[in-house]
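Observations on the three-dimensional arrangement
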Amino acid sequence: MSRLLHTGQVIVDLVMALDTLPATGGDVLAQSASFETGGGFNVMAAARRNGLAAVYLGRHGDGRFGDLARTAMQAEGIEMALAASAGKDTGLCVCLTEATTERTFISHIGVEGELSAEDLARVRPQLDDYVYVSGYSLLLEGKAQPLVDWLLALPRAITVVFDPGPLVKTRDSALMRALLPRIDIWTSNGPEALAFTGAPQIAGALPQLSRLLPAGALLVVRDGPNGCWVGRSGAVEQVPGFKVQAVDSNGAGDAHAGVLIAGLANGLNPVSAARRANAAAALAVTRWGPATSPGTAEVDALVAQ
């Protein structure tokens, strides 16, 4: 039975809604504020709510934020491969959502920024697993090299999913060059794909990505309310989105990625899985907070309309 093995970072978000960001040195009042588990949790929660087992391979602390992260993962039925790291805590991200739904993030990395070869040696991937890799991990000195070494040693039958994240803007690093030939599924938003390839439009970015990745790699690039683009072996198709009234875009891309992988694991073809992912992202932006992915029944209902 397939699983999603997430190698990224689960952190805690301090989510605040406000009209607009203040100028430097200014001050504004937020309409709401809450602590929510986020980061890699969002993808795993989306997958779990849509029928795919999920395992968190990263570290989590034994302090206040680590407790919040574990409680959230346990509530979703997410397995944790590692025990809590003694004497250290999980990191924090301040997430500011303006009335336009634009988001601003300020992050502090905690124990989730560390991962050793010994940690990863405890994991026993199965041939039908999907191993999820975040580009953020490649920026973490205490994690990047052991993670890439582990990924490159995996059996070729195991599917590696890569999400570049907004902080990975170049393919020229040694770690990125090493990882590119091992990526089976690329999932990103449009600006990330454009920054990575230098292409002016998403439709042009997909062929460039195809040339960087192994033959037959699946490319899924989100295009906001327009849906997403799906590419494989030179064929590119736009999959339309769903019209909704957005209030918060935080976590929508994660919902898309988690539901996409769940659909593929359940045997759907890429376009059908992408349509379900578009529906999940559309529903997610109608709700406040990071882990707002709907479950299978809600996705089914919107797809059926």
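Residues numbered from 1 in each chain as written. Predicted model: local features only at pLDDT ≥ 70, side-chain atom pairs only at ≥ 80, totals over all residues. Heavy atoms only, no water.

Under an unreviewed UniProt entry, the name given to the protein is Sugar kinase, and the source organism is Pseudomonas palleroniana.

Let us now look at unusual backbone geometry. Even without a glycine there, the phi angle at Thr101 is positive, about 80°. The residue Thr101 is located in the loop between β6 (92-97) and β7 (103-108) in this model. Exposure remark for Thr101: the relative accessible area of 18% places this residue in the buried category. In the Ramachandran plot, Ser233 falls in the positive-phi region, its phi being about 50° despite a non-glycine side chain. Looking at the element boundaries, Ser233 is found in the loop between β12 (228-232) and β13 (235-239). (Helix = DSSP H or I, 4+ residues; strand = E, 2+ residues; numbered from the N terminus. Buried < 20%, exposed > 50% of the residue type's maximum accessible area, 1.4 Å probe, protein only.)

Here we come to the nonpolar core. Residues Trp150 and Met176 are the most contacted members of the largest nonpolar core, which totals 38 residues. Secondary-structure elements contributing two or more residues to this core are β8 (130-134), α4 (144-152), β9 (159-163), α5 (174-179), α6 (190-197), α7 (202-212) and β11 (218-222). A per-element tally of this core places α4 first, with five residues. Excluding its chain neighbours within four sequence positions, the residues that come into contact with Trp150 are Thr7, Leu57, Leu120, Val123, Pro125 and Val131. Counting 31 residues, the second-largest nonpolar core is a separate cluster that includes Val43, Tyr130, Leu260 and Ala262. (Core = buried A, V, L, I, M, F, W, Y, C linked by side-chain atoms within 4.5 Å. Contact = heavy atoms within 4.5 Å.)

Those residues of α6 that sit buried are Gly190, Glu192, Ala193, Phe196 and Thr197. Axial view of α6: buried residues confined to an arc of 165°, hence all on one face. A distance of 2.8 Å separates the backbone nitrogen of Glu192 from a side-chain oxygen at the start of α6, and that oxygen is part of Asn189. Gly198 lies just past α6 and shows a positive phi near 80°. (Arc of directions from axis to C-beta. Polar contact = N/O pair within 3.5 Å; in protein donor to acceptor, adjacent residues only side chain to side chain.)

What follows concerns the packing of α6 against α7. In contact at an axis separation of 9 Å, α6 and α7 are set at 55° when each is read in the N-to-C sense. Considering the angle they form, α6 stands oblique to α7. In this structure, the crossing between α6 and α7 has a hand that is left-handed. Contacts between α6 and α7 involve Gly190, Ala193, Leu194, Phe196 and Thr197 on the former and, on the latter, Ile202, Ala205, Gln208, Leu209 and Leu212. A breakdown of the residues in the contact of α6 with α7 according to their chemical character gives seven nonpolar, three polar and no charged. (Axes fitted to C-alpha atoms, helices over the stretch in contact; angles between N-to-C directions. Parallel < 35°, antiparallel > 145°, perpendicular 65-115°, else oblique. Left-handed = near helix turned anticlockwise from the far one by under 90°. Nonpolar A, V, L, I, M, F, W, Y, C, P; charged D, E, K, R; others polar.)

To continue, consider the pattern of salt bridges. Two side chains with opposite charge may pair up if their charged atoms get near one another. For the structure on display, the rule yields eleven salt bridges. Linking Arg49 and Glu76 is a salt bridge whose minimum nitrogen-to-oxygen distance equals 2.5 Å. One end of the pair, Arg49, is in helix α1 (residues 40-49); the other, Glu76, is in helix α2 (residues 64-76), and 27 residues separate them in sequence. (Salt bridge = Lys/Arg side-chain N within 4 Å of Asp/Glu carboxyl O.)

This part covers the side chain of Ser293. Its location among the elements puts Ser293 in the loop between α9 (270-284) and α10 (296-304). In this structure, Ser293 is in contact with Ala46, Arg49, Asn50, Ala255, Val259 and Arg287, ignoring residues within four places of it in sequence.

Turning to the state of the cysteines, a few remarks are in order. Tallied over the entire structure, the rule returns zero disulfides. The thiol of Cys93 is unpaired, and the distance to the nearest cysteine sulfur, on Cys95, comes to 3.6 Å. (Disulfide = S-S within 2.5 Å.)

Quick look at the sheet that holds strand β3 (residues 32-39) now. Ordered in space as β3-β2-β6-β7, the four strands form an open sheet in which the pairing is mixed. Both edges of this open sheet fall to β3 and β7, since each of them pairs with a single strand only. The sheet shows a mean angle of 25° between the axes of neighbouring strands, taken without regard to direction. Pairing of strand β2 (residues 10-17) with β3 involves eight bridges; the strand directions are antiparallel. Bridge assignment links Val15 to a residue of β3, and that residue is Ser34. Packing against the sheet, α1 makes contact with β2 and β3, and its axis sits at approximately 75° to β3. Sitting on the sheet, α2 touches β2, β3 and β6, and the angle it makes with β3 is about 70°. (Pairing = 2+ DSSP bridges.)

This part is about the sheet that holds strand β10 (residues 185-189). Judged by pairing direction, the sheet is mixed, and its nine strands sit side by side in the order β5-β4-β1-β8-β9-β10-β11-β12-β13 without closing on themselves. Edge positions in the sheet fall to β5 (79-80) and β13, since each of these pairs with one other strand and no more. With five bridges joining them, β10 and β11 adopt parallel strand pairing. When the sheet's bridge partners are listed, Asn189 is paired in β11 with Arg222.

Spacing of three or four residues puts side chains on the same side of an α-helix, whose turn is 3.6 residues. With 14 residues, helix α8 (residues 252-265) should cover 20 Å at 1.5 Å per step; its first-to-last C-alpha distance of 20 Å lies within 8% of that length. Here α8 lies mainly inside the structure; twelve of its 14 residues are buried. For α8, the complete set of buried residues consists of Ala252, Asp254, Ala255, His256, Ala257, Gly258, Val259, Leu260, Ile261, Ala262, Gly263 and Leu264. Gly267 sits one or two positions beyond α8 and adopts a positive phi of about 95°. (Expected span 1.5 Å × (residues − 1).)

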